[in-house]
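Observations on chain architecture
Letter by letter, the chains look like this.
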Amino acid sequence: MSNEMNTTSFKFSTSLDLTETLGRRAKNLQELLLHLKEVPPSSVYYHTHRFLQQHQYLSPEPPNDFAYWVKNVLGDKVLGEKLFSIDILQFGDIESLRKEIVRTLEEYINLSPDALMRFASLGHEFYFMKSVQFILPLPYEAHSLEEFNEILRQVTIYSIYYHMFDARLRLGKNDNDFSMWLKSCVREEKLAKQISKLDPYTHTLEELRTKICSLAEERLHA
Amino acid sequence: MLNKIADYEPVVGPALIQELRLLAQHLKGRPMQHVNATAVGGGVAEILNRMIPLFLDLGLDARWDVIKGGERFFTITKKFHNMLHGRKEEISQEDLDHFQEVSQMNLKEMNLNADFFFIHDPQPIGLVHKKGEIGKKWVWRCHIDSTVCDPFLWNYLEGYVKNYDAVVFSAPSFSKPLSIRQTIISPSIDPLSDKNKDLSPEMVDQVLEKFKIDRSRPIITQISRFDYQKDPLGVIKVYRMVKRNIDCQLILAGGGATDDPEGLQILEMVQKEAQDDPDIRVLFLPPSSDIEINALQRASDVVLQKSLREGFGLTVAEALWKGKPVVASAVGGITLQIAHGYTGLLSHTIEGTAYYVKQILHNPSFAERLGKNGREHIRQNYLITRHIRDYLLLMLSLEKEGETIYL
């Protein structure tokens with residue numbers, strides 16, 4: 001568990017990832033589809049979330065590796081757009097996200113079989129990766145909204161990432177950790193809902209921190 | 001003076017340093033030993049030189065040793081290096097026998113005593129024979145772009161690699177079908193080293209004056225070892241194409257490493273090519289030239305890295321960290337550092353490189369935006385603190401099972 005919900009305090013943790021390759025590579029859409037159906041869930045998660053931790057500046061680049069590769073390496077802008085516009089927030093677990101990516105690819109290939117003729121050059125193939133995740137408890141504990149706001153300003157973006165993203169999709173909880181605690185332990189239902197409604201995939205992590213802190217402050221000064 | 005982990009707080013923030021300390025507590029007092037082929041020159045020695053004191057400061061018992069080998073040994077391992085890059089080389093059975101003899105000699109002479117061994121690049125790869133005797137965890141850290149590696153050489157090296165517990169590559173495209181774990185860890189730069197620390201404008205002026213470089217005209221620079229794979233002659237062609245429209249200067253600066261006997265030959269070729277043009281400055285710098293390199297990068301209007309093959313290309317990270325616009329080849333680890341059009345520009349040809357250099361020189365605000373994004377990208381992903389974190393995670397992962405590890 002990332003934080004103990006049976007107590008009234010919020011215990012902050014952080015998530016640190018070590019990247020591994022799976023030794024699988026794809027040079028066209030057919031191979032991408034084949035491997036995508038077989039790789040472990042951690043690989044699907046890695047390729048749809050890596051950019052969030054690595055890119056701390058806003059760019060209109062596709063926000064997941066599948067979309068980026070299809071658009072920039074295979075040069076298929078239409079499929080690239082279809083892939084990057086998949087709304088990850090709509091999926092409660094990795095398997096349903098995987099199914100949607102597979103469905104998008106299959107549907108596109110059926111309609112445009114010529115897309116299979118696009119190949120990546122040597123060294124630019126899609127390399128399937130995954131990450132080993134380490135969850136490290138931090139020596140920070142919030143007992144009130146005030147303390148929560150104060151600590152949130154100090155922790156790394158990896159801690160924010162863990163509580164906002166990992167909790168929901170990777171660890172299979174229904175909501176992000178912050179909202180769950182705010183709702184169940186400090187009875188801040190409105191604030192919890194406001195944070196749940198944020199689309200974290202269209203913010204950088206620093207922006208996300210600023211947004212959550214300003215929502216918390218608004219509530220504190222209300 | 002040895003660097004301390006706390007010194008990095010102003011650069012990456014205190015919270016990140018705290019996370020490193022918390023992580024390191026799980027490996028407190030554990031011995032780790034790094035082995036490579038050269039103590040001076042080249043990216044590997046540079047990183048280890050800065051990293052070992054930081055591991056010590058974090059409470060690990062870290063040490064670094066260098067294998068011994070004569071000129072013949074390093075000529076053979078230079079061939080290995082080139083073949084990993086995909087270049088054709090003649091390698092005889094006698095060469096392989098000599099490589100093994102030197103590996104045996106190093107096995108006898110070197111004190112290998114740790115819980116975790118990090119063996120860097122092919123030169124010391126044979127040390128893994130010791131694993132049969134003492135066990136422990138062994139990591140082969142390959143810094144070289146092996147995307148199009150010569151199959152004969154890889155077949156030979158695989159005989160050693162398969163005995164390791166894990167192999168670390170700098171980029172996913174370098175990976176190979178292997179039965180052992182393959183981790184991706186990018187190398188890094190040290191923001192506090194002489195090569196990367198902030199310099200006063202006076203200091204930059206002083207260095208440029210020393211080399212008699214004109215500050216009034218645009219400066220294009222490539223900093224790298226004089227090596228065929230860095231394509232210094234291609235850089236001169238790029239400069240000549242740019243020079244048709246813009247009155248610019250070219251600086252080609254770099255040094256050599258003790259394990260690279262080819263460097264002087266390449267330097268001579270470059271000097272010959274540049275001899276009739278006073279606006280091309282070829283600077284062969286001694287290993288103690290970090291401040292000079294730092295100043296040359298800071299004084300540049302565009303930094304190039306026109307490599308044909310590249311392990312990672314630390315000079316790209318160095319230039320980006322200084323907020324400089326970079327035009328670099330889309331090879332090896334460079335593509336991890338540069339998102340085309342956002343943190344720099346990626347090129348594939350001499351003509352394309354020249355076009356991008358002109359684009360940057362004509363558009364200062366575009367150049368500034370690339371440099372600003374580039375610096376933040378390096379801060380987030382390619383500083384020594386991230387590198388240390390990845391090594392700590394790798395050590396922990398070698399002793400703990402599973403995809404999610406609770407510490």
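Attention here is on the structure that accompanies the text. Keep in mind that this is a model prediction, so the values were computed, not measured. Every residue gets a number counted from 1 within its own chain, in the order that chain's sequence is written. Each chain gets a letter, beginning with A, and each ligand a number, beginning with 1, in the order they are written. Selection of residues for local features in this predicted model requires a pLDDT of at least 70, selection of side-chain atom pairs for listing and counting requires 80 or more, and totals for whole chains, interfaces and linings are taken over all residues. Side-chain metrics rest on all non-hydrogen atoms present in the structure, leaving aside hydrogens and water.

Classification of residues uses two cut-offs on accessible area relative to the type maximum, computed with a 1.4 Å probe and protein chains only: under 20% is buried, over 50% is exposed, and between them is partly exposed. We count a stretch as a helix when DSSP gives it H or I for four or more residues in a row; a strand needs E for two or more, and each element gets its number in order from the N terminus. Residues of helix α3 (residues 65–72) of chain A that are buried include every one of D65(A), F66(A), A67(A), W69(A) and V70(A), and no others. Among the residues of α3(A), the N-terminal cap falls to N64(A), whose side-chain oxygen and the backbone nitrogen of F66(A) are separated by 3.1 Å. Between N or O atoms, a polar contact is any pair within 3.5 Å; within protein, one atom must be a potential hydrogen donor and the other a potential acceptor, and residues adjacent in sequence are included only when both atoms are from side chains.

Attention shifts here to the sheet that holds strand β11 (residues 326–329) of chain B. All names here are of chain B. Here 6 strands make up an open sheet; going across it, the order is β9-β8-β7-β10-β11-β12 and the pairing parallel. Unpaired on one side and paired on the other, β9 (280–284) and β12 (345–347) mark the two borders of the sheet. The sheet shows a mean angle of 20° between the axes of neighbouring strands, taken without regard to direction. One bridge is not enough; two strands pair if DSSP finds at least two bridges between them. As paired strands, strand β7 (residues 219–223) and strand β10 (residues 302–305) are joined by 2 bridges and run parallel to one another. Counted as the bridge partner of T221 is V303 from β10. The contact criterion used throughout is that any non-hydrogen atoms of two residues lie within 4.5 Å. An axis is simply a line fitted to the C-alpha atoms; with a helix, the fit covers only the stretch in contact. Between two such axes, the angle follows the N-to-C directions and lies from 0 to 180 degrees. Contacts between helix α9 (residues 232–243) and the sheet are confined to β7, β8 (249–254), β9 and β10, with β8 contributing the most and set at about 165° to the helix.

In this section: the pattern of salt bridges. Residue and element names in this part refer to chain B. When a carboxyl oxygen of Asp or Glu is within 4 Å of a side-chain nitrogen of Lys or Arg, the pair counts as a salt bridge. Following the criterion strictly, the structure yields 46 salt bridges over all chains and no others. The shortest N-O distance in the salt bridge between K243 and D279 comes to 2.6 Å. You can see K243 sitting in helix α9 and its partner D279 sitting in the loop between α10 (263–274) and β9, a full 36 residues away along the chain. You can call K243 partly exposed: its relative accessible area is 25%.

Another aspect to go through is the packing of aromatic side chains. Two rings from Phe, Tyr or Trp (for Trp, the six-membered ring) form a pair when their centres are within 6.5 Å of each other. A pair whose planes differ by under 30 degrees is stacked, one over 60 is edge-to-face, and the rest are tilted. If you walk through the whole model with that rule in mind, you get 28 aromatic pairs over all chains. With a centroid separation of 4.8 Å and an interplanar angle of 70°, the aromatic rings of F10(A) and F12(A) are classed as edge-to-face. An aromatic cluster is defined as three or more aromatic residues linked by ring pairs; in this entry it consists of F73(B), F74(B), F80(B), F99(B), Y156(B) and Y160(B). Sitting above the plane of the W321(B) ring, R375(B) keeps its charged end 3.9 Å from the centroid. In this scheme, Lys NZ or Arg CZ marks a charge over a ring once it lies within 6 Å of the ring centre and within 35 degrees of the ring normal.

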